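An overview of the molecular structure
Listed here are the chains, written in short residue letters.
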Amino acid sequence: MASEDLAGTLAAVLGGRGLRVQSYDSGPAGETPAQVRLRKNVCYVVLAVFLNEQDEVLLIQEAKKECRGSWYLPAGRMEPRETIVEALQREVKEEAGLLCEPLTLLSVEERGPSWIRFVFLARPTGGILKTPKEADAESLQAGWYPRTSLPTPLRAHDILHLIELAAQYRQRAGHPFLLPQELPCSLVCQRLVATFTSVQTVWVLVGTVGMPHLPITACGFAPIEQRGGIKMAVLRLLQECLTLHHLAVETKGLLGLQHLGKDQTDGICLNVLVTVAFRNPGIQNEPPKVRGENFFWWKVVEEDLQSQLLQRLQESSVVPINR
């Protein structure tokens, strides 16, 4: 692949667009990455934050026996053969009575590759707010409440951070609008934009097996990768080509998300921005040496791409990934 093709690939990923996953560069030791199936080896959860012009947040009152009467944001598990957006719209309609459209992904939360929650900022587009007369197994009712005076009891306090995240994004967007790209994937995997920077120069790690490409690492479902979270797959790939003991590696966040959910393809690909730096920089102006022939550092010379990368890195202009 010529340098201009790599530049096109990087531009697509930075723009939140998707690229098909054809293969992967790193897989979990001792296991073939499992075909991903909802309700079998993965659970995806969708959650929506709605804020209106009066700075009120939409909450639903739970009907489930273990938390009946408590309040929470509209949320629920994805079903097989749904896209992420279809799941979000279904859950909001079932629990709050409203039609909606997602505006942007706000954050991704994970407990290892088998449990991932997608948090969206959304807006209502129709429907009728659910009242106690429409109470059912999905929820008892829904309502708008002042952001600073929420009803009690809450089902869990994790939503407080998410509501504040949404309010902050409305005041000043910390990253571009980002929605899932509908592309099939059979694994839980990550496409890395792994960067090394020095004096306004950026290098990006590139895989060489087949055509040069942004590296892809497949997540494993063994206990060690579940406990360590999805960052374990990132570290595994980098450990295969770099000497990590003198390097600092950080996953900055999400640049894009790919999923389809049709035809038994329940996998996802997270396009993630990663930084690689020397723990003791000194006068190191070149990226760390790559072992083997499967990877190399590509120097980004296209000015617009370099500027975009530096801006995303300096401002952490990415969707946060939290554990």
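Structure shown above.
Residues numbered from 1 in each chain as written. Predicted model: local features only at pLDDT ≥ 70, side-chain atom pairs only at ≥ 80, totals over all residues. Heavy atoms only, no water.

**Remarks on the environment of Val 42**
Tracing the chain through its elements places Val 42 in the loop between helix H1 (3-14) and strand E1 (43-50). Here the alpha-carbon distance between Val 42 and Gly 267, two residues 225 residues apart in the chain, equals 8.9 Å. Discounting chain neighbours no more than four positions away, the residues touching Val 42 are Val 36, Arg 37, Pro 113, Ser 114, Val 188 and Phe 221. (Helix = DSSP H or I, 4+ residues; strand = E, 2+ residues; numbered from the N terminus. Contact = heavy atoms within 4.5 Å.)

**Things to note about helix H3 (residues 158-171)**
Here H3 contains 14 residues, and its C-alpha end-to-end distance of 21 Å stays within 8% of the 20 Å for a straight helix at 1.5 Å per residue. Within H3, burial applies to Ile 159, Leu 162, Ile 163, Leu 165, Ala 166, Ala 167 and Tyr 169. (Expected span 1.5 Å × (residues − 1). Buried < 20%, exposed > 50% of the residue type's maximum accessible area, 1.4 Å probe, protein only.)

**A few points about the side chain of Glu 82**
In this structure, Glu 82 sits in the loop between strand E4 (75-77) and helix H2 (84-96). Polar contacts involving the side chain of Glu 82 include one to the side chain of Arg 90, which spans 2.5 Å. In contact with Glu 82, not counting residues within four places along its chain, are Ala 87, Arg 90, His 259, Leu 260, Gly 261 and Lys 262. (Polar contact = N/O pair within 3.5 Å; in protein donor to acceptor, adjacent residues only side chain to side chain.)

**Section: the sheet that holds E4**
Strand order in this open sheet of five strands is E4-E1-E6-E5-E14, and the pairing throughout is mixed. Lying at the two open borders of the sheet, with one neighbouring strand each, are E4 and strand E14 (321-322). Along the sheet, H2 makes contact with E1, E4, strand E5 (98-110) and strand E6 (115-127), crossing E5 at roughly 120 degrees. Against the sheet, H3 contacts E1, E5 and E6, and its axis sits at roughly 110 degrees relative to E5. (Pairing = 2+ DSSP bridges. Axes fitted to C-alpha atoms, helices over the stretch in contact; angles between N-to-C directions.)

**A closer look at the pairing of strand E8 (residues 188-198)**
Moving residue by residue along a regular strand, the side chains alternate between the two faces of the sheet. The element E8 is largely enclosed, with a buried count of ten among its eleven residues. In this sheet, strand E12 (residues 268-278) lies alongside E8 in parallel orientation, the contact comprising eight bridges. The residue of E12 that forms the bridge with Val 193 is Leu 273. Relative to strand E10 (residues 216-218), E8 is paired through three bridges, and the arrangement is antiparallel. Residue pairing across strands places Arg 191 opposite Ile 216, the latter belonging to E10. In the sheet, E8 pairs with strand E9 (residues 201-207) via four bridges, with the strands oriented antiparallel. From the neighbouring strand, Thr 197 faces E9, where its bridge partner is Val 202. A loop of two residues connects E8 with E9, the two strands running antiparallel in sequence, and Val 199 in this loop sits at a positive phi of about 50 degrees.

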